[in-house]
Amino acid sequence: MYRVELGEEILKVQDLKVWFPLKRGVIGTILGKPRLFVHAVDGISFNLRRREIFCLVGESGCGKTTTGKALLRLVPIYSGKAYFKPRKETLAKLENMGVTPDENGFVEIFGLPEKKFKPLRRDIQMIYQDPYGSLNPRFRIKDILEEVLIVHKIGETKEERLDIIERVLEMVKLTPPSEFINRFPHQLSGGQRQRVAIARAIIANPSIIVADEPVSMLDVSIRAEILEVLLNLRKLLDTSYIFITHDLAIARYICDRIAVMYLGKIVELGDARDVIADPLHPYTEALIAAIPDPDPENRKKLRDLKIKGEVPSPIFIPPGCRFHPRCVYYDQAKERDRDIRDLCPSVEPPLAEVKPGRYVACYKHEIVRQLVKSGVAPTQTGSSQ
Amino acid sequence: MALLEVENLKTYFYTLRGVVRAVDGVSLTLEKGETLGIVGESGCGKSTLAWSLLRLVPPPGRIVDGSIRIDGQDITKMSESEVRRKIRWRRISMIFQGAMNALNPVYKVGEQIIEPMLLHGYSKKEAMEKAAELIKAVGLPTSILDRYPHELSGGQKQRVVIAMSLVLDPDIVIADEPTTALDVVVQAQILNLMKKLHWERKMSIILITHDLGVVTELSEKIAVMYAGKIVEFGTADQIFQNPLHPYTQALIRAVPRLKGDIHKLEYIPGSPPDLRNPPPGCRFAPRCKMAFEMCDKEPPLIEHEKGHYVACWLYAKR
């Protein structure tokens, strides 16, 4: 919609894994049973540019929210690296603490001790899904917003802070600010609350905002207003967004690029409109086919679902391509196509660029096969348990 | 005579802070084998309307005026025990919002499905046979009957809840947001199932949803609700190809699409009125771009073209 010129890269995530260990019982520990993990995020890589809106889409349980939380280090990270380019002031603070950036100004953020990560919390902020749960009901709006300023030591005096608060409330269109600053969250509507949550995220002027389903709890008629606020803020403040959603139509509307996740992995990544107009992964295709677009013709026919079964457990991930047990394409092609028969159930497909800017992890595409056969891509079989 | 005729129904909640007019003068008809979609945003009264049709309005709410006639019998005039014996689940049943999470965790699925049948005079053997038949009709293996709810996935539980609504072969099934908590793929499977049940059993369905995409999956006719009233009513084609009410028009333009050009989305400024104290006249007027002096008075539901009704002064003959 409002496409803008994208800036330089500011975040590079490499092979991020978030595995949650399951508790073993006493007997299991004595018998030395192997430790089991929930593979919430299982090795994903992506880059984010300044002013970019990057979407993570997928069904519930695919790891999209965990990925967002991992960037703020709100979940324990199992392995992986994230290089982030902090702004100048933050960089100065980090250098005082003895953190040296690389020659391009990037700092690896997953390896930092919590104390040294703290200045970076100002640069990466989050907006949560539920505006009814994310605001403290006992705080007035000005207290909710002032807290951020106090924590990050922005603004010397109370008056100065109040001034910032009023400016930010105007940016999220809660006008006139004087009418809102003394209210409590329960005195606001859902849309207004979500705008307070957005104000709280932008008040420290971050470079990245992780927006976790920011409109899915809101009524249809006010969603567009919140999306517009987010788009305007990117123009105004040069913010980049990691936009997490399950709604592909919203992703198409607001995002520059989207990454489709399935069971902790990115299966397809590319320009938002191209991916939705011409999906290259069978899972993306199935997802798009399942979405009811408002059209009165829909009721006359059954929806053709190109997917079978249900999402497997993230503890025991299927070997090879994790989607193959549900893949209709695999079933059709395995008789005639030897590569499909051999590769899909045993070798995990790498995410490869099959067209300019379009990355897919599926052996349907010759390039992906060649990559594995030539041994360029690592040929690990699924995740070790 | 239509299967279901609702006339000027009013359901109010008598709270300590005032009377909430959740459903305020709703009229509609449903023919046998027809599907009706009721769309509206949260708080517009669509769930209250559904509860009223089953005479299940929770206190402090009650039906204060109007009639609900099923085959000509007014159920608002019946005693509670009569509704229980003759109407609820026999004639009209419901898939409640979030019901899949309300299955009793300590009873097996089969035991929960047969309960209403036992209360309505089936023997246990007959009831189990019927349960097995229904569980197959909703696309599940009969072994599910011996499982506990926690052993099932979300989609399976929703299928069980649908089977439960069918046990007494009702003429009308009300589905209140049957897919809201489900992922898109499972949602599509459930909607496919409901389509099949509608086609095979000639079942009348009232689908209540906030999702304009979901409503077109099932509904031949659509009623758009706003602040306790129906503001537009017509066939699905009429509503989507020629929306008349400014609210319907704005709602359709507020939804992003998967295909076609990307248009700037519209939004409706402001928020829905407080139903304790709704604005006089048209309730949408304070948020309406087209509002003019007539809107101070309440608009009647006008038949603008055949079968297409709208409550807006823009279409009144002046």
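If you're wondering where the values come from, they're calculated on a predicted model, not measured in any experiment. (Residues numbered from 1 in each chain as written. Chains lettered and ligands numbered in written order. Predicted model: local features only at pLDDT ≥ 70, side-chain atom pairs only at ≥ 80, totals over all residues. Heavy atoms only, no water.)

A. Spotlight on the interface of chain A and chain B. Opposite the 41 residues of chain A that make contact, chain B presents 46 residues. Across the chain A to chain B interface the summed buried area is about 4,000 Å²; carbon plus sulfur atoms make up 59%. Among the residues chain A hides against chain B, the three largest losses belong to Arg252(A), Pro294(A) and Arg299(A). Together they make up 17% of the total. For the interface between chain A and chain B, the tally reads two salt bridges. A salt bridge links Glu228(A) to Lys264(B); the shortest N-O distance between them is 2.8 Å. (Contact = heavy atoms within 4.5 Å. Buried area = accessible area lost by both parts, 1.4 Å probe. Salt bridge = Lys/Arg side-chain N within 4 Å of Asp/Glu carboxyl O.)

B. Molecular detail of the environment of Lys173(A). Take Lys173(A): it is sitting in the loop between helix H6 (158-171) and helix H7 (177-180). Leaving out residues up to four positions away in the same chain, Lys173(A) has contacts with Arg195(A), Glu228(A), Val229(A) and Asn232(A). (Helix = DSSP H or I, 4+ residues; strand = E, 2+ residues; numbered from the N terminus.)

C. Focus on unusual backbone geometry. Residues Thr175(A) and Pro176(A) are joined by a peptide bond in cis, for which omega reads -10 degrees. Note that Pro176(A) resides in the loop between H6 and H7. Following Pro59(B), the chain continues into Pro60(B) via a peptide bond in cis, with omega recorded as 10 degrees. Mapping Pro60(B) onto the fold places it in the loop between helix H1 (46-53) and strand S4 (61-70). Of note in this structure, Asn8(B) is not a glycine but carries a positive phi near 45 degrees. Inspection of the secondary structure assignment puts Asn8(B) in strand S1 (residues 4-15). Its identity as a non-glycine residue notwithstanding, Glu177(B) has a phi of 45 degrees, on the positive side. Positionally, Glu177(B) belongs in the loop between strand S7 (172-176) and helix H6 (184-201).

Purely geometric numbers; function is a separate question.
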